[in-house]
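Here is what each chain is made of, one letter per residue.
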Amino acid sequence: MSDEDVQLEARLEEQEVFEPPESFVDQANVSDPGIYEEFEENWPECWEQAADLLDWEESYDTVLDDSNPPFYEWFTGGSLNASANCLDRHLGERGDEAAIEWVGEPTDEEDITYTYEDLHREVNEFAAALRDQGVEEDDVVTMYMPMIPQLPIAMLACARIGAPHSVVFAGFSADALATRMNAADSEYLITCDGYYRRGDPLDHLSKANEGLAGVDHEVQTVAIAERLRDGDGFDHDYADNQVAFEALQSDHEGATVDPVSRDAEDMLFLMYTSGTTGEPKGVKHTTGGYLSYAAWTSQSVLDIKPEDTYFCSADIGWITGHSYIIYGPLALGTTTMMYEGTPDYPDKDRLWEIIEDYEATQLYTAPTAIRAFMKWGEEYPDSHDLSSLRLLGTVGEPINPRAWKWYYKHIGDESAPVVDTWWQTETGGMMLTTLPGVGDMKPGSAGPPLPGISADIVDVSGSPVEAGQAGYLVVNKPWPGMLRTLYKNDERFIDEYWREYSDVDSDDPADWVYFPEDGAKIDQDGYITVLGRVDDVLNVSGHRLGTMEIESAIVGVEGVAEAAVVGGDHEIKGEAVYAYVITEDGYEETEELRQQIIEGVEDAIGPIARPEQVIFTPELPKTRSGKIMRRLLEDIANGEELGDTSTLRNPDVVSDIQSKVSSD
Ligand code: 6R9
């Protein structure tokens, strides 16, 4: 590095506040700081701004109906269709423009551009096919698909006929698929034969079939997208209810289906996410509120304009992909990118190559990816022209200032603002972040609540903590994108998110406070730094995993008596799974058992939950009342100094476990 570079580096390291670049502000969708006050003074009517981004068949009479908290309703009386908002209304002006630019993982394969007209046609054909298969309004259709174009086609086809979709991440296991189809009573599955990962064809249909074997009710139709190229297939015989996606479409070539008019509060989709207990939670999102909120945040935070080529590298199987690859961007009529593969195939510059090729204007990715890019080295981005990028975003987990600054400097060339966006599957869209054309950025802190969002950091009793103190993040007012309930489980909805800080007997909305189960602190400027989950949920590479789910997978392995799972610090993944395991009498602590445990977790949940370390121990550290001291197990995983262990029932076990972790 030259002297100048060294100086620059040192300055960047010290700098704690970054102003939005002027060139960005000048063209930003939102650049007036008055927006915060405007929303506050005019709440909840301010949210009409979000609703106005959509086309309504019937306009709503009430912005917010808060007569029955926490069952809030938004834009009541209004009706619309999400697929019409994402497709039909753009046909006039933007029919020939790209809606989706799809890039497959194999480099010798042609990319596919879907113009709005193409996508509209494909969605209509598939919607007609779904109807023909018996799918009716309000039937839940499950999708178990990787990043192939048929996934958004199927999602939008469902939206068109008013059938809520439930997308299960393709990396999840067969068991996870079965659990989710059972929980939603879903009788339709859309999946694929396979896909490509790091150059190899991967058999997906076997996993889907295994999942189907665990479904407790009749499955009417399984549509199978045939992604694998000739010669790469796995020779599957289709069962009677299984049919190729492409055949379904071609049987309905040229068909059009009128978008059904959906009530604003009608369900658009379900998304299952991990919670404290083993049962995944079916988060319910609606048509009017969710779509308005996804569109509004896409416009104001991601600064999306129709002429952009916007790139979010998440998987559509997660909420980020739903809101910010599909619904938000397409509602705004922009071009959204979809990349099938991993960022290091065939080499570690794949994303930079895609950005250069397509002149992408925004990149929205996860801190775990940024930490990997950092480790791979700046020569990869440096060898590409990334000057088309105007805005950078992160989501999924806290970003450490060093990674933030690396992203800002090496990807954005210090001329693109970075938005660190905190939100959840449940919130539907972004909640805490700076507005890129308005607020200063502070690396490591997501920023203030968005306009119209009211959040606080409180102590256990619910009183706001002082600046600089850690506490619990709470949201005090409803917002359009919020989940409406947990599917068919209003009780659990209240227990999980509201009971902690609300007066649950009250029907005054002021007594109802949403608890996202994250710890956080706030500074004197109102910037919030989210510290991480305070429940038993791990965040591995930005993915939520319940420790209970992993523990029950481990104790399901023959020879295991007890297990405790905690998150240990991990350079790239943020958190990694550490499993402490007690064997059953008569079973040895063998390498073979360790492998079986790892496979057990992969089978039950998926490779993302794979334990980093399996540590055999004769006992787990427990308090006198018999509770496992997870905090201590975390400290052991992280090789940290341990505090006082004398309150343990079995203090001797600690040094024994410690020696095993370090020697592993
Ligand atoms: C969108 C998404 C939600 C959990 C959330 C929190 C963590 C997300 C974050 C962040 C710190 C950020 N999280 N964004 N933590 N800073 N910018 O990730 O949804 O998969 O439901 O996860 O992720 O712990 O509670 P989801």
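Residues numbered from 1 in each chain as written. Predicted model: local features only at pLDDT ≥ 70, side-chain atom pairs only at ≥ 80, totals over all residues. Heavy atoms only, no water.

By the naming in an unreviewed UniProt entry, the chain is Acetate--CoA ligase, taken from Haloarcula rubra. Under the UniProt heading Sequence similarities (unreviewed entry), the entry covering the chain gives this text: "Belongs to the ATP-dependent AMP-binding enzyme family." (UniProt positions renumbered as here; feature names shortened; annotations may be inferred.)

Draft legend 1. Seen up close, the site of the ligand. Lining the immediate environment of the ligand, one finds 17 residues, of which Asp420, Thr421, Thr425, Asp518 and Arg544 sit closest. In this structure, Asp518 approaches the ligand through a side-chain N or O atom, which is 2.5 Å from an oxygen atom. Against a free-state accessible area of 530 Å², the protein chains account for coverage of 97% of the ligand. Where the shell around the ligand is concerned, the elements lending two or more residues are helix 13 (319–331), strand 20 (418–421) and strand 24 (528–533). Per-class residue counts for the shell around the ligand are six nonpolar, six polar and five charged. (Near = heavy atom within 4 Å. Polar contact = N/O pair within 3.5 Å; in protein donor to acceptor, adjacent residues only side chain to side chain. Areas by Shrake-Rupley, 256 points an atom, 1.4 Å probe, with all protein chains shown as cover. Helix = DSSP H or I, 4+ residues; strand = E, 2+ residues; numbered from the N terminus. Nonpolar A, V, L, I, M, F, W, Y, C, P; charged D, E, K, R; others polar.)

Draft legend 2. Quick look at the pairing of strand 19 (residues 391–395). Among the five residues that make up strand 19, five are buried, leaving the element largely enclosed by the rest of the structure. Relative to strand 19, strand 18 (residues 362–365) is paired through four bridges, and the arrangement is parallel. By the bridge assignment, Leu363 is partnered in strand 19 with Leu392. In terms of strand pairing, strand 19 meets strand 20 through four bridges, oriented parallel. By the bridge assignment for strand 20, Leu392 is matched with Val418. For the segment spanning strand 19, helix 17 (residues 401–411) and strand 20, crossover handedness is right-handed. (Buried < 20%, exposed > 50% of the residue type's maximum accessible area, 1.4 Å probe, protein only. Pairing = 2+ DSSP bridges. Right-handed = clockwise from strand over helix to strand, strands pointing away.)

Draft legend 3. Representation of the sheet that holds strand 16 (residues 309–312) in the model. Reading across from one edge, 5-4-17-16-18-19-20 is the order of the seven strands in this open sheet, with mixed pairing throughout. The strands lining the two open edges of the sheet, one partner per strand, are strand 5 (112–115) and strand 20. Each adjacent strand pair in this sheet contributes to an overall mean axis angle of 20 degrees, direction not counted. Across four bridges, strand 4 (residues 98–103) lies against strand 17 (residues 335–339) in parallel orientation. Bridge pairing in strand 17 places Trp102 opposite Met338. The strands touched by helix 14 (residues 350–358) are strand 4, strand 16, strand 17 and strand 18; relative to strand 17, the strand with the most contacts, the crossing angle is about 150 degrees. (Axes fitted to C-alpha atoms, helices over the stretch in contact; angles between N-to-C directions. Contact = heavy atoms within 4.5 Å.)

Draft legend 4. Spotlight on helix 14. Along helix 14, the residues classified as buried are Arg350, Leu351, Trp352, Ile354, Ile355 and Tyr358. After helix 14 finishes, the residue Glu359 shows a positive phi value of roughly 50 degrees.

Draft legend 5. How the structure looks around unusual backbone geometry. The residue after Pro69, namely Pro70, is reached through a cis peptide bond having omega 5 degrees. In this fold, Pro70 is placed in the loop between strand 1 (62–65) and strand 2 (73–76). Between Tyr345 and Pro346 the backbone carries a cis peptide bond, its omega angle lying at -5 degrees. One non-glycine residue, Asp413, adopts positive backbone phi at about 50 degrees. Structurally, the position occupied by Asp413 is in the loop between helix 17 and strand 20. Although it is not a glycine, Glu517 sits at a positive phi angle of roughly 65 degrees.

Draft legend 6. Up close: the UniProt feature "domain: AMP-binding enzyme C-terminal" (unreviewed entry) in the chain. UniProt tags residues 549–627 as "domain: AMP-binding enzyme C-terminal" (unreviewed entry). Taken end to end, residues 549–627 is 27% helix and 32% strand, and its two terminal C-alpha atoms sit 18 Å from one another.

Draft legend 7. Structural detail: the nonpolar core. Judged by nonpolar contacts, the single largest core of 120 residues is most densely connected at Trp47, Leu119, Phe126, Met143, Ile190 and Tyr327. A per-element tally of this core places helix 8 (residues 150–161) first, with nine residues. Setting aside residues no more than four positions away along its own chain, Ile190 makes contact with Phe126, Leu130, Val141, Thr142, Met143, Tyr144, Met145, Ala154, Ala223 and Phe245. Of all hydrophobic cores here, the second largest spans 37 residues; its members include Leu212, Val557, Ala563 and Leu593. (Core = buried A, V, L, I, M, F, W, Y, C linked by side-chain atoms within 4.5 Å.)

Draft legend 8. Structural detail: the sheet that holds strand 15 (residues 281–286). Reading across from one edge, 12-11-8-6-7-14-15 is the order of the seven strands in this open sheet, with mixed pairing throughout. Each end of this open sheet is capped by a strand with a single partner; those strands are strand 12 (242–244) and strand 15. Each strand of the sheet is rotated relative to its neighbour by a mean of 25 degrees, with strand direction disregarded. Two strands pair when backbone bridges link them, and strand 7 (residues 165–167) and strand 14 (residues 267–273) are joined in this way by two bridges, in the parallel orientation. Note that in strand 14 the partner of His165 across the bridge is Phe269. Here helix 8 sits on the sheet in contact with strand 6 (141–143), strand 7, strand 8 (188–192), strand 11 (221–225) and strand 14, set at roughly 165 degrees to strand 6.

Draft legend 9. Quick look at helix 21 (residues 630–637). For helix 21, the set of buried residues is Leu632, Leu633, Asp635, Ile636 and Ala637. Immediately beyond the C-terminal end of helix 21, within one or two residues, lies Gly639, with a positive phi of roughly 60 degrees.

Draft legend 10. Geometry of the pattern of salt bridges. Scanning the entire structure with this criterion turns up 33 salt bridges. With a shortest N-O distance of 2.8 Å, Glu340 and Arg227 are connected by a salt bridge. Within this pair, whereas Glu340 is found in the loop between strand 17 and helix 14, its partner Arg227 is found in the loop between strand 11 and strand 12, the two being separated by 113 residues in sequence. Both residues of the pair, Glu340 and Arg227, count as buried. (Salt bridge = Lys/Arg side-chain N within 4 Å of Asp/Glu carboxyl O.)

Draft legend 11. Quick look at the packing of aromatic side chains. What the rule picks out here adds up to 33 aromatic pairs. Centroid distance Tyr324 to Tyr364: 5.8 Å. Interplanar angle 80 degrees. Geometry classified as edge-to-face. Note that Tyr324 is positioned in helix 13 and Tyr364 in strand 18, a separation of 40 residues in sequence. Aromatic side chains Trp479 and Tyr514 sit 5.4 Å apart centroid to centroid with 75 degrees between the ring planes, which places their arrangement in the edge-to-face category. Of the two residues, Trp479 is situated in the loop between strand 22 (470–475) and helix 18 (490–497) and Tyr514 in the loop between helix 18 and strand 23 (518–522); the sequence distance between them amounts to 35 residues. In terms of burial, Trp479 and Tyr514 fall into one category: buried. What links up through ring pairs into an aromatic cluster is the set Phe71, Tyr72, Trp479, Phe493, Tyr497, Trp498, Trp512 and Tyr514. The residue whose ring lies beneath Arg180 is Phe172, and the NZ or CZ to ring-centre distance is 4.8 Å. Here the basic side chain of Arg229 rests over the ring of Tyr196, its NZ or CZ set 5.5 Å away from the ring centre. (Phe/Tyr/Trp six-rings, centres within 6.5 Å; stacked < 30°, edge-to-face > 60°. Lys NZ or Arg CZ within 6 Å of the ring centre and 35° of its normal.)

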